[in-house]
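Tertiary structure, described
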Amino acid sequence: MCELCDESLSDHGRARRRLVFAGASAGALLLAPMSAFAARPRALSFYHTHTGERLRVTYAEGSRHIPEALDEISKFLRDFRSGESHPMDPGLFDILHQLQQSTGASGPFEIISAYRSPQTNEMLRNNGNGVAQGSLHMEGRAIDVRLRGVQTRKLRQAALNLQAGGVGYYERSDFIHVDTGRVRFW
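Because the structure is predicted, anything quoted here is derived from the model rather than measured. (Residues numbered from 1 in each chain as written. Predicted model: local features only at pLDDT ≥ 70, side-chain atom pairs only at ≥ 80, totals over all residues. Heavy atoms only, no water.)

**Topic: the pairing of strand E1 (residues 41–48)**
For a regular strand, the rule is simple: side chains alternate between the two faces of the sheet. Heads up, the rule is: Under the scheme applied here, a residue whose accessible area is under 20% of the maximum for its type counts as buried, over 50% as exposed, and between as partly exposed, the area being computed with a 1.4 Å probe on protein chains only. Helical segments are the DSSP runs of H or I of at least four residues, strand segments are the runs of E of at least two, and each set is numbered from the N terminus. When DSSP locates at least two bridges between a pair of strands, those strands are taken to pair.
Counting buried positions along E1 yields 6 of 8 residues, so the element is predominantly enclosed. Bridging between E1 and strand E2 (residues 54–61) involves 7 bridges; their strand directions are antiparallel. Among the inter-strand pairings, Leu 44 is bridged to a residue of E2, identified as Val 57. As consecutive antiparallel partners, E1 and E2 are separated by 5 residues, and within that stretch Gly 52 has a phi angle of approximately 80°, a positive value. Across 3 bridges, the pairing between E1 and strand E4 (residues 109–113) is parallel.

**Regarding the side chain of His 177**
Which entries qualify depends on this criterion: Between N or O atoms, a polar contact is any pair within 3.5 Å; within protein, one atom must be a potential hydrogen donor and the other a potential acceptor, and residues adjacent in sequence are included only when both atoms are from side chains. Working rule for contacts: check all heavy atoms of both residues, and any pair within 4.5 Å makes them a contact.
Its place among the elements puts His 177 in strand E7 (residues 175–179). A distance of 3.4 Å separates polar atoms of two side chains, one belonging to His 177 and the other to His 137. With near-sequence residues (within four places) excluded, His 177 lies in contact with His 137, Ala 142, Ile 143, Asp 144, Gly 166, Val 167, Gly 168, Tyr 170 and Trp 186.

**Thoughts on the packing of aromatic side chains**
Just so we agree on the cut-off: Here a Phe, Tyr or Trp ring, Trp counted by its six-membered ring, pairs with any other such ring whose centre lies within 6.5 Å, and the pair is stacked when the planes are under 30 degrees apart, edge-to-face when over 60, and tilted otherwise. Either the NZ atom of lysine or the CZ atom of arginine qualifies as a charge over a ring when it sits within 6 Å of the ring centre and within 35 degrees of the ring normal.
Scanning the entire structure with this criterion turns up 3 aromatic pairs. Each ring, one from Tyr 59 and one from Phe 93, has its centre 6.0 Å from the other, and the planes form 65°; the classification is edge-to-face. Of this pair, Tyr 59 sits in strand E2 while Phe 93 is found in helix H3 (residues 90–103), placing the two residues 34 residues apart along the sequence. Here Tyr 59 and Phe 93 have matching classes, each one buried. The ring of Tyr 47 has Arg 148 lying over it, and the distance from NZ or CZ to the ring centre is 5.7 Å.

**Here's the deal with the nonpolar core**
Side chains that are nonpolar tend, in soluble globular proteins, to be buried together. Cut-off, in case you're wondering: In this description, a nonpolar core means a group of buried Ala, Val, Leu, Ile, Met, Phe, Trp, Tyr and Cys residues linked to one another through side-chain atoms lying within 4.5 Å.
Counting residues in hydrophobic clusters, the biggest one holds 34 residues, and the most contacted among them are Leu 96 and Leu 99. When contributions to this core are tallied by element, the ones reaching two or more residues are E1, E2, helix H2 (67–76), H3, E4, strand E5 (142–147), helix H5 (152–162) and E7. When residues of this core are assigned to their parent elements, the largest contribution, 5 residues, is made by H3. Excluding residues within four positions of it along the chain, Leu 96 makes contact with Leu 44, Phe 46, Phe 109, Ile 143, Val 145 and Val 178.

**Describing H2**
Put simply, the test is: Think of it as the arc spanned by the lines of direction from the helix axis to the C-beta atoms.
Burial in H2 covers these residues: Ala 69, Leu 70, Ile 73, Ser 74 and Phe 76. Seen from one end, H2 has its buried residues packed into an arc of 160°, which puts them on one side. Projecting away from the buried face of H2 at angles above 90 degrees are the exposed residues Glu 68 and Lys 75. Buried residues along H2 sit against E1, E2, strand E3 (64–65), H3 and E4.

Scope: geometric values only; no functional claims are made or implied.
Here it is in structure tokens:
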């Protein structure tokens, strides 16, 4: 019978309609927690280990990143050696926020390194610090951090679980690296 004409559906047609409706309902349930999370303001706290500066800022509301807050964070995460700043990838802040949420931590992120100028990156490479030539730090897409109140190995595991980009673990120096590049780890 014709579905568009309001005539009775065959058993096959009713089953297909129920299946489509059930799939749409399940999809809506899966998206609900994500949209509820996205609707809340997202804030981060930072402590820069090299400059002693602190910053707490709401960087996003709902699905919108706040441009003024992103500028403020980018200046805070400048190359502390040269003073040069660069726009930071907002996706990096979303990763940090997810790490804070997944670990239940309320302390600040302790910044070891964020943006690096090409000159600083080259200097570190020449000093044999294992710094990549094309480091994502130079693009504002990487950050080296600790999270106060969370053991670094647990923070590493939380970052790996996100599957959101690169994760490096520097056990001896007690920090992790996260970036918005492809998913990989070391």
